[in-house]
Amino acid sequence: MIHKILSVGPLQCNCSIIGDESTHEAMVIDPGDDIEDVLAIIRQYNLQVKQIVITHAHIDHVGGAMKLRAATGAPILLNQNDYALLKMLDVQASWIGVAPPGDVAIEASIGDGESLETGSLKANVMHTPGHTEGSVCLYFPAEKLLIAGDTLFARSIGRTDLPGGSFEKIMRSLRDRVMTLPDNTVVIPGHGPRTTIGEEREENPFLVSSSENVFPMGEPRRACLERNRRVE
Ligand SMILES: [Zn+2]
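Below is a summary of the structure that appears in this document.

Rules used throughout
Residues numbered from 1 in each chain as written. Predicted model: local features only at pLDDT ≥ 70, side-chain atom pairs only at ≥ 80, totals over all residues. Heavy atoms only, no water. Pairing = 2+ DSSP bridges. Helix = DSSP H or I, 4+ residues; strand = E, 2+ residues; numbered from the N terminus. Contact = heavy atoms within 4.5 Å. Axes fitted to C-alpha atoms, helices over the stretch in contact; angles between N-to-C directions. Buried < 20%, exposed > 50% of the residue type's maximum accessible area, 1.4 Å probe, protein only. Polar contact = N/O pair within 3.5 Å; in protein donor to acceptor, adjacent residues only side chain to side chain.

Examining the sheet that holds strand E2 (residues 13–19)
(1) Moving on: Ordered by their spatial adjacency, five strands build an open sheet running E1-E2-E3-E4-E5, and the pairing between neighbours is mixed. With partners counted over all chains shown, the strands left at the sheet margins are strand E1 (2–8) and strand E5 (76–77), one partner each.
(2) Moving on: Pairing between strand E3 (residues 25–29) and strand E4 (residues 48–53): five bridges, direction parallel. Paired with Ala26 across the bridge in E4 is Val49.
(3) Moving on: Sheet strands in contact with helix H3 (residues 65–72) are E3, E4 and E5, and its direction is about 155 degrees off that of E4.

In structure tokens, the structure reads:
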């Protein structure tokens, strides 16, 4: 597997470029910005982009999707529960002080349990609402790799105070879906450093105290929320 991760845009969204080494077919996940840099990687590895996958409709993850589509012809995929949020990109642009990217044309919704195939690579779509209603994670079982969007970060979780966010839902998504993956799964969050499911099970203050209490309300959560006041 070819896997290149670029930090794109002012909020440093992790954009993944994932390709099959033999067929050179590829998918790009969360091309939020800096599409020239994404295209440079695509040319460097001689990749043919088959799919543009958006983990959720926040501008820092989807802002460059139409430019990438224009350059590659690849369809853009997003869970339908985020279509309403996608219509608010101009509002989102004003939140972070960037130019609105214009309308984004979605080819199809990606739903829970579907699989996305690119060459010999296969990713399972997990619908993980909470950060937004239509947030998804992509799990590559053969590689034990999770592209987590803004659902799970190293030692933190996605904020839930923006429109469509729900703390109860993100905790349920984490408990029932994400944290059921094997401990040695490598996690690429939507921002910041990579981690593993096992490390987060041990160290993430949102998750360590949740074995008995599903919605921990103690100090670790409050401290963590204070540290994460940014649009992600
Ligand atoms: Zn986000």
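Here we look at the side chain of Thr195
(1) Moving on: Structurally, Thr195 is set in strand E13 (residues 195–196).
(2) Moving on: Exposure remark for Thr195: the relative accessible area of 2% places this residue in the buried category.
(3) Moving on: Separated by 3.5 Å, the side chains of Thr195 and Arg155 make a polar contact.
(4) Moving on: Reaching out from Thr195, the side chain makes a polar contact with the side chain of Glu200 at a distance of 2.6 Å.
(5) Moving on: Once residues within four sequence positions are removed from consideration, Thr195 is found in contact with Ala154, Arg155, Thr185, Val186, Val187 and Glu200.

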